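# Fold and geometry: a report
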Amino acid sequence: MFVYVVFLWCIVLCSFMKYTVRHFYYNNPNQAKICMTSRLSILFVLLNLIAINSTIAMEFKQAYAPIRAGIFTVLIPVERAPDAPIYFSVKPDNTGDKLVWTAVSDAKYYRIEQYTNGRWEMVNANVSGTHYTMPAAASGIYRVTACDDFGCAAAKQQNRVVTEPFSVKALYSNRSQVDDYGRVEVSWQITGAAKVSITKTENGRTVQTWPALNPARGKMSSYVNSMARFNLTAYDFDGQAISRTLSIATLPENPVRLNGVKGEFHQPLFLSGLDVIERSVLEHEDNLFFATHGGRLHRYSVKKKAGKITDWHAKWNIPLDGVMNSAPTIQGDELIFTVSMRNGNGKVCSVRASDGEGQSCSAQKSSNLIASPLIVNRVQPSRLSAVSQFFTESTRAQEGIYVFQRDGLIQVLDPNDLNIVLSEYRVGGIQTEFLNTPALITDGSGERQQFIMQNSENEIFGVDVPVQTVPSAISSTMNQWFSSEQSQTQTRRTINQVQTLPVVWRKKL
C-alpha cells in the first residue's frame, strides 16, 4: 500500500517538474534551475523509498479487494494475514523440547523463534507442519508465527507447558439424551495431550467438527437432530492418538409407558413413575431408601392400619451431586452413601434419615465410588479384665467409615468429619477394582473382622480388617502428660501413608 501511494506522488511530481520547465525557464532561468534541483532531490528520495519497500515486500504478494462503483469493479490493495494458532504447547525434554500448535486453516508455513539473550532469534523460518523439536540447548521460551502468501499473523507465544503422562481421563455429557430443546453438553478431561478434536456424526454422516479444542479440559454445547456419536481424538507430542466415543440419543417421538402388573405382594413403587436404581435400594424399619437415575435420593415409608401395611408414601427426596450406584449404609439416624460424578471423581455424603436434612459431603475423591461405604465399630475384647487393660496394651479393629474407590484405594474416614482421612490402604498382591461392596464378617469370638472381596478375574479373597494397637490406660495417661504437639503432628502424618493389607485367603469361583 505504501509503495502504491509513493508511486502516485512520483507521477504528480514529474508532471509538476514538466510544468516548471515549460513556464519558468524562459522568464527566470536561475529560479527554474533551483526549483528543478529541489524537486529532483525529492523525486530521488521517493524513488529510494520505493526501492527499499519493494525489497521488503518482495517476500509477500499484494492482496486486493474488489470494490464495485456503478458498472465498474476496482481492485484496491489491502493488508491480509492468517490467524494466529489458538494453542501452542511445549513438552520439556532432555533431548530437545517438543513443540506442537493448532493448525491455521489458510497458513502455508510457520516460523519458529526462541527468546535468548534478551531478544527473539529465528530458529526455522519455513516449517510446513504443526510440530517441531528444538535442540537440546534451546532456551525454553518459544513463539510461532503463521504465514501465507500475503503476510504473517501476530506471533503466538507458548501458552501451555505439559509434563503429565498422556491419558484421556473422561469424555462425558450432562445427560444421556438431549433436553427438550434438542441440546446436549459434552465435556472432556485429558492429561499430557498436545491436540484434541471432536467430530459429531449423525446416521453415519459427519455433520460437525471442532478441530482445535482445549487439550486439557473443556465443555461445549451442541444440538442433536438424530442418534449422534461424538468422537474425541487426542494426540500426544509424538503423534500417538487415543480415541473415545460418546453416544447421545434424541427424545422419543411417541414414548410408550408400560405400567406392569400389580400382584398380591406389596409393591411400594408401583406406578410411582420413578426410574429407580435397583442397586441403591435399602429397606430399614418399614422405610425404603433409594436413588433414581434423575439424580435424587428418596425415602418412602409405610402406612399402617390396625398394624397392617396398607400403602407406601413419599417422605422426602433430596438432589445428589452425582449417581448413587449402591445402597446406603445406616447408623442410628445417619444415612451414609457414595456418589460418582461424570468427571471420574466421587464423594462420600451423609444425611439425616428422618427428614433428609443436614446433608454433608467429603471433598472429591480421585476415583469413582461404586461400592457402598462400610462402618467398622469397636469390638470390645472379652479376654482382658479391667485390671489387665489398665496395665497391658491391646489391639482392636480400626474404627471408621471404610470407603472403597474404584481404583483400588481404601480410605478410612472419620465418622464425625468426612473430610478427615484417618488411614489409606491397598490390597497387596492382587489387582483390585471395587465395583461391588465387600462383605464385612466377624468370627465367633467377636474379636476378628474380615472383608470378603471379589476382583475382575472372578476370584473371591479375604482381607483382615486392619487393627490398631491400643496403649494401656496408664500409658495413655502418661503420653497425654508428656507428649509434645510436634509428636502428635508426626503421628497424624504417619497414619495417612498408604499401607498394604495382605490377602489371608483366595478362591476361584
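Residues numbered from 1 in each chain as written. Predicted model: local features only at pLDDT ≥ 70, side-chain atom pairs only at ≥ 80, totals over all residues. Heavy atoms only, no water.

This part covers the overall build of the protein. Helix and strand counts for the protein come out as five helices and 37 strands. Here the protein holds 509 residues, and 36% of them are scored as buried. Carbon and sulfur atoms form 52% of the exposed surface of the protein, whose accessible area is close to 30,300 Å². (Helix = DSSP H or I, 4+ residues; strand = E, 2+ residues; numbered from the N terminus. Buried < 20%, exposed > 50% of the residue type's maximum accessible area, 1.4 Å probe, protein only. Areas by Shrake-Rupley, 256 points an atom, 1.4 Å probe, with all protein chains shown as cover.)

Another point: the packing of aromatic side chains. Applying the stated criterion to the full structure yields nine aromatic pairs. With 5.2 Å between their ring centres and 65° between their planes, Phe404 and Phe434 make a pair best called edge-to-face. Pair noted here: Phe404 is in strand S29 (residues 400-404) and Phe434 is in the loop between strand S31 (417-427) and strand S32 (439-442), with a separation of 30 residues, a long-range link. A single burial state applies to Phe404 and to Phe434, both of which are buried. A network of ring pairs unites the aromatic residues Tyr402, Phe404, Phe434 and Phe451 as a single cluster. (Phe/Tyr/Trp six-rings, centres within 6.5 Å; stacked < 30°, edge-to-face > 60°.)

Moving on, we come to the state of the cysteines. One way to say it: the disulfide is the covalent bond shared by the sulfur atoms of two cysteines. Scanning all chains against the criterion turns up two disulfides. The disulfide that involves Cys349 links it to Cys361, with 2.0 Å between the sulfurs. Between Cys349 and Cys361, the disulfide has an S-S torsion of 105° and is therefore right-handed. Placement of Cys349 in strand S25 (residues 346-352) and of Cys361 in strand S26 (residues 360-361) is noted, with a sequence separation of twelve residues between them. For Cys349, a relative accessible area of 2% corresponds to the buried category. On the accessibility criterion, Cys361 (23% relative accessible area) is partly exposed. (Disulfide = S-S within 2.5 Å.)

Turning our attention to the environment of Asp311. In this structure, Asp311 sits in strand S22 (residues 308-319). Owing to a relative accessible area of 42%, Asp311 belongs among the partly exposed residues under this scheme. Taking the C-alpha atoms as reference points, Asp311 and Pro268, 43 residues apart in sequence, are found 7.2 Å from one another. Filtering out sequence-adjacent residues up to four positions away, Asp311 remains in contact with Ser301, Val302 and Lys303. (Contact = heavy atoms within 4.5 Å.)

This paragraph deals with the sheet that holds strand S34 (residues 459-464). Read from one edge to the other, the open sheet built from four strands follows the order S32-S33-S34-S37, with strand pairing classed as antiparallel. Only two strands of the sheet have a single neighbouring strand rather than two, namely S32 and strand S37 (503-508). Shown here is a sheet whose adjacent strand axes are inclined to one another by a mean of 25°, direction ignored. Here S32 runs beside strand S33 (residues 449-454); their pairing, made up of four bridges, is antiparallel. Directly across from Leu440, in S33, lies its bridge partner Phe451. (Pairing = 2+ DSSP bridges. Axes fitted to C-alpha atoms, helices over the stretch in contact; angles between N-to-C directions.)

Let's shift gears to the pattern of salt bridges. Scanning the entire structure with this criterion turns up 14 salt bridges. The partner of Glu185 in a salt bridge is Lys219, with the nearest N and O atoms 3.9 Å apart. Of this pair, Glu185 sits in strand S13 (residues 183-191) while Lys219 sits in strand S16 (residues 217-223); the two residues are 34 residues apart in sequence, bridging distant segments of the chain. Taking the relative accessible area as the measure of exposure, Lys219 reaches 58% and is therefore exposed. (Salt bridge = Lys/Arg side-chain N within 4 Å of Asp/Glu carboxyl O.)

What follows deals with the nonpolar core. Formed by 20 residues in total, the largest nonpolar core has its most connected members in Trp188, Ile190, Val196, Ile198, Phe230 and Leu232. When residues of this core are traced back to their parent elements, those giving at least two are strand S12 (167-173), S13, strand S14 (195-202), strand S17 (228-235) and strand S18 (241-248). Leaving out residues up to four positions away in the same chain, Ile198 has contacts with Trp188, Gln208, Thr209, Trp210, Leu213, Met220, Phe230, Asn231 and Leu232. Formed by 18 residues, the second largest nonpolar core is a distinct cluster that contains Phe404, Val412, Ile430 and Val465. (Core = buried A, V, L, I, M, F, W, Y, C linked by side-chain atoms within 4.5 Å.)

The spacing of Cys361 and Val339 is 22 residues in sequence and 9.8 Å in space, taken between C-alpha atoms. In contact with Cys361, other than residues within four places in its own chain, are Asp321, Lys347, Val348, Cys349 and Asn419.

Another aspect to go through is the confidence of the model for the protein. Residues at a pLDDT of 70 or more form 77% of the protein, whose mean pLDDT is 81. Across residues 49-58, where pLDDT falls below 50, the model places eight contacts with residues more than four positions away in sequence or in other chains. (pLDDT = per-residue confidence, 0-100.)

So, about the sheet that holds S14. One open sheet accounts for four strands, arranged S15-S14-S17-S18; its pairing is antiparallel. Whereas interior strands pair on both sides, the edge strands pair on one side only; in this sheet they are strand S15 (205-210) and S18. Adjacent strand axes in the sheet meet at a mean angle of 20° when their direction is disregarded. As judged from the five bridges shared by S14 and S15, these two strands associate in the antiparallel manner.

Turning next to the side chain of Ser350. Here Ser350 shows up in strand S25. A polar contact is formed between the side chain of Ser350 and the side chain of Glu334, at a distance of 3.4 Å. Those residues in contact with Ser350 that sit more than four places away from it in its chain are Glu334, Leu335, Ile336, Phe337, Gly358, Gln359, Ser360 and Leu418. (Polar contact = N/O pair within 3.5 Å; in protein donor to acceptor, adjacent residues only side chain to side chain.)

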